[in-house]
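Coordinates in review
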Amino acid sequence: MISSNDFKTGLTIEIDGDVFSVVEFQHVKPGKGAAFVRTKLKNVKTGGVVERKFNAGEKVNTAHVERHEMQYLYKDGDHYVVMDNETYEQVSLTEGQIGDGVKWLKENMNLGVLFFDTEVIGVDVPNSVQLLVTATEPGVKGDTATGGTKPATLETGAIVQVPFFVNEGDMLIIDTRTGNYVQRA
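When helices and strands are tallied, the protein shows one helix and 16 strands. Its C-alpha atoms give the protein a radius of gyration of 21 Å, clearly above 16 Å, the size a compact globule of 185 residues would have. Considered along the principal axes of its C-alpha atoms, the protein spans approximately 70 × 45 × 25 Å. Considering the protein as a whole, with its 185 residues, one finds that 37% of them fall into the buried category.

What follows deals with the packing of aromatic side chains. Under the counting rule described, the total for this entry stands at two aromatic pairs. Between Phe-7 and Phe-54 the ring centres are 5.3 Å apart and the planes differ by 90°, which places this aromatic pair in the edge-to-face class. Of this pair, Phe-7 sits in the loop between strand S1 (2-3) and strand S2 (12-15) while Phe-54 sits in strand S5 (residues 49-55), and the two are 47 residues apart along the sequence. In this structure Phe-7 comes out as buried when scored by relative accessible area, which is 3%. Relative to Tyr-80, the ring of Tyr-72 has its centre 6.2 Å away and its plane inclined at 45°; by these criteria the two rings are tilted. For the pair Tyr-72 and Tyr-80, one class covers both residues: buried.

Trp-104, Leu-105, Leu-111 and Leu-154 are the most contacted members of the largest nonpolar core, which has 28 residues in total. Leaving out residues up to four positions away in the same chain, Leu-111 has contacts with His-68, Glu-69, Met-70, Tyr-72, Val-82, Leu-105, Val-123, Asp-124, Val-125 and Pro-126.

With antiparallel pairing, the six strands of this open sheet are ordered in space as S1-S6-S2-S3-S4-S5. Strand pairing shows two members of the sheet lacking a second neighbour, S1 and S5, which therefore form its edges. As paired strands, S1 and strand S6 (residues 59-62) are joined by two bridges and run antiparallel to one another. Among the inter-strand pairings, Ser-3 is bridged to a residue of S6, identified as Lys-59.

Scoring rules and cut-offs
Residues numbered from 1 in each chain as written. Predicted model: local features only at pLDDT ≥ 70, side-chain atom pairs only at ≥ 80, totals over all residues. Heavy atoms only, no water. Helix = DSSP H or I, 4+ residues; strand = E, 2+ residues; numbered from the N terminus. Rg over C-alpha atoms; globule rule 2.2 N^0.38 Å. Buried < 20%, exposed > 50% of the residue type's maximum accessible area, 1.4 Å probe, protein only. Phe/Tyr/Trp six-rings, centres within 6.5 Å; stacked < 30°, edge-to-face > 60°. Core = buried A, V, L, I, M, F, W, Y, C linked by side-chain atoms within 4.5 Å. Contact = heavy atoms within 4.5 Å. Pairing = 2+ DSSP bridges.

Structure follows, in structure tokens:
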């Protein structure tokens, strides 16, 4: 149990059987009435954000979320097989459990897999990845003066906007949080 007065950003709490992460919190002491804590909570399973008020000092259950470093091995039909780096135990994940990070997965990539009890509630993909460009329009001399972009298909099948000077066979660094091109590797 933790008091609402001790909330911190990133703290995971359990409310009505769901696990939430504290995104924002603000202690409010109105001139009239009791103090309270206004929070924005992100549902760890669904990704939905809710706002909720807690009375000052209200007790809330903390959710003990464990993070395991795991390595992505291969795709098996609709499932993605990962292996725990310490115990070598293999776990099969669905696309829903991985979320948007699925388009950046590359074999042998390390992931952070979040467990609540024995259930997978989230997967952290690295903030940036190096991927090979498999298809894009060739750049034409003089196109770079406009500073425009063109679509490029990466080895994982993801399509990103890249500058005109990027060609097939180039290795790129991509920011997985935004899906944007960062630079050539």
